[in-house]
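Now for the letters of each chain:
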Amino acid sequence: MSNLSLENIVKLHGLLGIRTGNAHKPPREGGTTGALVAGLLSQNTNDNNRDLGYARLWARFGDWAAVAGAEIGEIAEAIRPAGMMHQRAPRIKALLEAIYRREGSYSADFLLGIPPAEAFEWLNSRDGIGEKTAAVFLLFHTGARYFPVDTHIRRILCRIGFFPEGSSAIEIQRRMTELCPSNLMMDLHLNIIDLGKKLCRPQKPRCNECELADFCYFANLRE
């Protein structure tokens, strides 16, 4: 039985905010287009590999026009540390081409000035972006009402009983986007990820150190 409710979302936010301090992500070199490319690189890899692949790409080319004009193999070699380079390189090139067709430049800033739902649909229609990456971009760059769900958030929201264990990340993202108050979305997203990295790990979670223990079905079952 789910304990998902507006009241419990607010309670979860308050418990997590005590520990993590509501940290925010710094801006990324390469602007809004860089944020999208980093999103492409982030799927199915860890943050360190994503950041290394992105840094190598930027160091190699230095601007998006140069990336767009490069051979697929050159892009793939630059992003090698992020993994899946042969799938991601053509997706990056296709994304840049789509931006240029629309704007006559390689800046994705137009996404900041159109309705969020329109921006979400445009992003979600790009190969390799998907709902989660689109939601991350819009939340962090426009403050739009989207609650991105990664593997850490899916695991924790299922463990505390908000969602059944078999729920997909996209199912959880859509429901949390509907229910979570706008002013809590960014901090709650970041704080749950922080908890997942530090304490609520997939294996050997440190429930005895977690302030959610009394609130969590999973922790209570382990006692």
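Since the model is a prediction, treat every value here as computed from it, not as a measurement.

K.L.:
Lay out the packing of aromatic side chains with the relevant residues and their values.
P.N.:
Summed over the entire model, instances satisfying the criterion amount to six aromatic pairs. Centroid distance Trp58 to Trp64: 5.0 Å. Interplanar angle 55°. Geometry classified as tilted. Note on Trp58: relative accessible area 17%, which makes it buried. Ring geometry for Phe162 versus Phe215: centroids 6.2 Å apart, planes at 80°, classification edge-to-face. Here Phe162 is found in the loop between helix H9 (151-159) and helix H10 (169-179), whereas its partner Phe215 is found in the loop between helix H11 (185-198) and helix H12 (217-222), with 53 residues between them in sequence. The pair Phe162 / Phe215 is uniform in exposure class, with both members buried. Through a chain of ring-to-ring contacts, three or more aromatic side chains come together here, namely Tyr54, Trp58 and Trp64. Looking at Arg60, its charged tip hangs above the ring of Phe61, at a distance of 4.5 Å from the centre. Here Arg126 stacks its cationic end above the ring of Trp122, 4.4 Å away from the centre of that ring.

K.L.:
I'd like a rundown of helix H8 (residues 130-142), residues and numbers included.
P.N.:
For H8, with 13 residues, the first-to-last C-alpha span of 18 Å sits near the 18 Å given by 1.5 Å per residue. Glu131, Thr133, Ala134, Ala135, Phe137, Leu138 and Leu139 are the residues of H8 that are buried. On its buried face, H8 is in contact with helix H2 (31-42), helix H7 (116-124), H10 and H11.

Criteria and thresholds
Residues numbered from 1 in each chain as written. Predicted model: local features only at pLDDT ≥ 70, side-chain atom pairs only at ≥ 80, totals over all residues. Heavy atoms only, no water. Phe/Tyr/Trp six-rings, centres within 6.5 Å; stacked < 30°, edge-to-face > 60°. Buried < 20%, exposed > 50% of the residue type's maximum accessible area, 1.4 Å probe, protein only. Helix = DSSP H or I, 4+ residues; strand = E, 2+ residues; numbered from the N terminus. Lys NZ or Arg CZ within 6 Å of the ring centre and 35° of its normal. Expected span 1.5 Å × (residues − 1). Contact = heavy atoms within 4.5 Å.

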